[in-house]
Amino acid sequence: MTEDIRKKIDKPIFHAVGAAADRLGRDCYAVGGYVRDLFLDRHSKDIDFVTVGSGIEVARNLAESLGKHVKVTVFKNFGTAQLHYKGEELEFVGARRESYSHDSRKPIVEDGSLDDDLDRRDFTINAMAICVNGPRFGELVDKFDGTGDLKRRLIRTPLDPDITFSDDPLRMMRAIRFATQLRFSIEYATFEAIKRNAGRIKIISRERIYSELTKIMESERPSIGWSMLLDSGLLELIFPEFAALRGTETVNGRGHKDNFFHTLQVLDTVASKSDNVWLRWSALLHDIGKPATKHWVDGVGWTFHNHNFIGAKMIRNIFRKMKFPLDDKLKYVEKMVELHMRPIALVEDTVTDSAIRRLMVDAGEDIEDLMILCEADITSKNQEKVRRYLDNYVIVRDKIIDLEARDKLRNWQPPVDGNMIMATFGLSQGKAVGEIKTYVRETLLNSDSPNDFDYARRLMLEKGRELGYEPIENKL
Ligand code: CTP
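Bringing the side chain of Thr 51 into the picture now. Following the sequence through the fold, Thr 51 ends up in strand β2 (residues 46-51). Engagement of the side chain of Thr 51 in a polar contact is seen with the backbone oxygen of Gly 53, the distance being 3.0 Å. Excluding anything up to four places from it in sequence, Thr 51 contacts Asp 27, Cys 28, Val 58, Val 93, Gly 94 and Ala 95.

Written as structure tokens, this is what we have:
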């Protein structure tokens, strides 16, 4: 094992860190996310080092050995030091022991051993350390069997999960985020503890929650995270408007689909087609107006009339509460939510040019994103119905392309105009000029190069002569 790890970290920077620690007689370890990602062959550009004793001194000693241009940034309050070297960010901190009070995320921090430091970490896969000191270079410290959990693909806390989550409730979100990113499971006892401690999420800032949600949304299958947020009880606390989509109701034996699971399906389909995280948010929010607009209408069934407009109106408040950016991202999501019913309405009626043109104007350059969302929105179990709608969307897409091309031609002007025709033949405005112009125009439109000036000029001369006119220059 050590030999394998030694090979993985056999880079000048690790040897340089080890040498600096050796000079000061300190034990020093690469730790946390970097070690996890090393075993998973994931790229990570930040490397965290833990030293037993001051990490700041090791960072300074290292910087001196790397050359004058390497600057150390010290964060005294946190007892950490940071430096950048050849595109990598290195952070040093002394090993510590932390204890937490109930109502704050701020721990009481004391110097500690490597063991203490690993004990206070969130998950076993994040609680491994690799020694970089010369004699022990590549030696793994893995007191909680993090490597075993990596093989089992399991998220598990090193200590009693109630303590780990109560110490720092953000870790409940992190557990779900890692499970989503890595496609790992959360160990039963760990997940039960998230359920028990969910209420503690209230002491976590919105920005930190948002950052975890973003990482869930950027994952390959974001639905994994959202389902876990629902099952753990966290969703109800951090995003009640979305939790409200869960459930179905039945009247006279007729139910409606569960809009929560429908939304997750739409979200995953969109995620498989686009990396645009705001399109993914649009997918998540596209039916957010449904609970507020749900009605049972005798003789008709369940209706969600205007849910797209009501939903679009809800977006600003949701963004504000979540501390999302209130800029063009907000406008984009509002637009997507509002317009998500338009293409389907189009294919239900006959697809007229003017309706398509209006949609193109309203969606602007985001028309392709809107089509991705609308195609994903068809989640019926009836495959025949799905195919029929998707076929109709192909017609809409073709019409869009066709209309775009035609609209371009509408504004198109041939490279030879009436003034040039009059000047060339010494003609004043009249029937002949119109005839030449139409001939040039129509011939160019049927050709492959409608903007070729020389060709246009030749056509003009040809038609002029046919009508009995000679260019002035030839007459002189
Ligand atoms: N950590 C922790 N509890 C937290 C945050 C971090 O115990 N709430 C520990 C973990 O050991 C983690 C390390 O600090 O591996 C570094 O944290 P961070 O850089 O936030 O996360 P990474 O694990 O590196 O993962 P990512 O970069 O994907 O956020």
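Having seen the model, we can carry on.
As a matter of local geometry, the ligand sits amid 13 residues, with Arg 36, Asp 122, Asn 126, Asp 168 and Arg 177 nearest to it. Between the ligand and Arg 174, the relevant distance is 3.2 Å, taken from an oxygen atom to a side-chain nitrogen or oxygen of the residue. Protein coverage of the free-state accessible area of the ligand, which is 560 Å², stands at 70%. Of all the secondary-structure elements, those providing two or more residues to the shell around the ligand are α3 (33-40) and α8 (170-182). Counting residues per element, the shell around the ligand draws most heavily on α8, which supplies four residues. For the shell around the ligand, the per-class residue count stands at one nonpolar, three polar and nine charged.

Now for the side chain of Thr 293. Inspection of the secondary structure assignment puts Thr 293 in helix α16 (residues 290-293). At 2.9 Å, the side chain of Thr 293 forms a polar contact with the backbone oxygen of Gly 289.

Procedures and definitions
- Residues numbered from 1 in each chain as written.
- Predicted model: local features only at pLDDT ≥ 70, side-chain atom pairs only at ≥ 80, totals over all residues.
- Heavy atoms only, no water.
- Helix = DSSP H or I, 4+ residues; strand = E, 2+ residues; numbered from the N terminus.
- Polar contact = N/O pair within 3.5 Å; in protein donor to acceptor, adjacent residues only side chain to side chain.
- Contact = heavy atoms within 4.5 Å.
- Near = heavy atom within 4 Å.
- Areas by Shrake-Rupley, 256 points an atom, 1.4 Å probe, with all protein chains shown as cover.
- Nonpolar A, V, L, I, M, F, W, Y, C, P; charged D, E, K, R; others polar.

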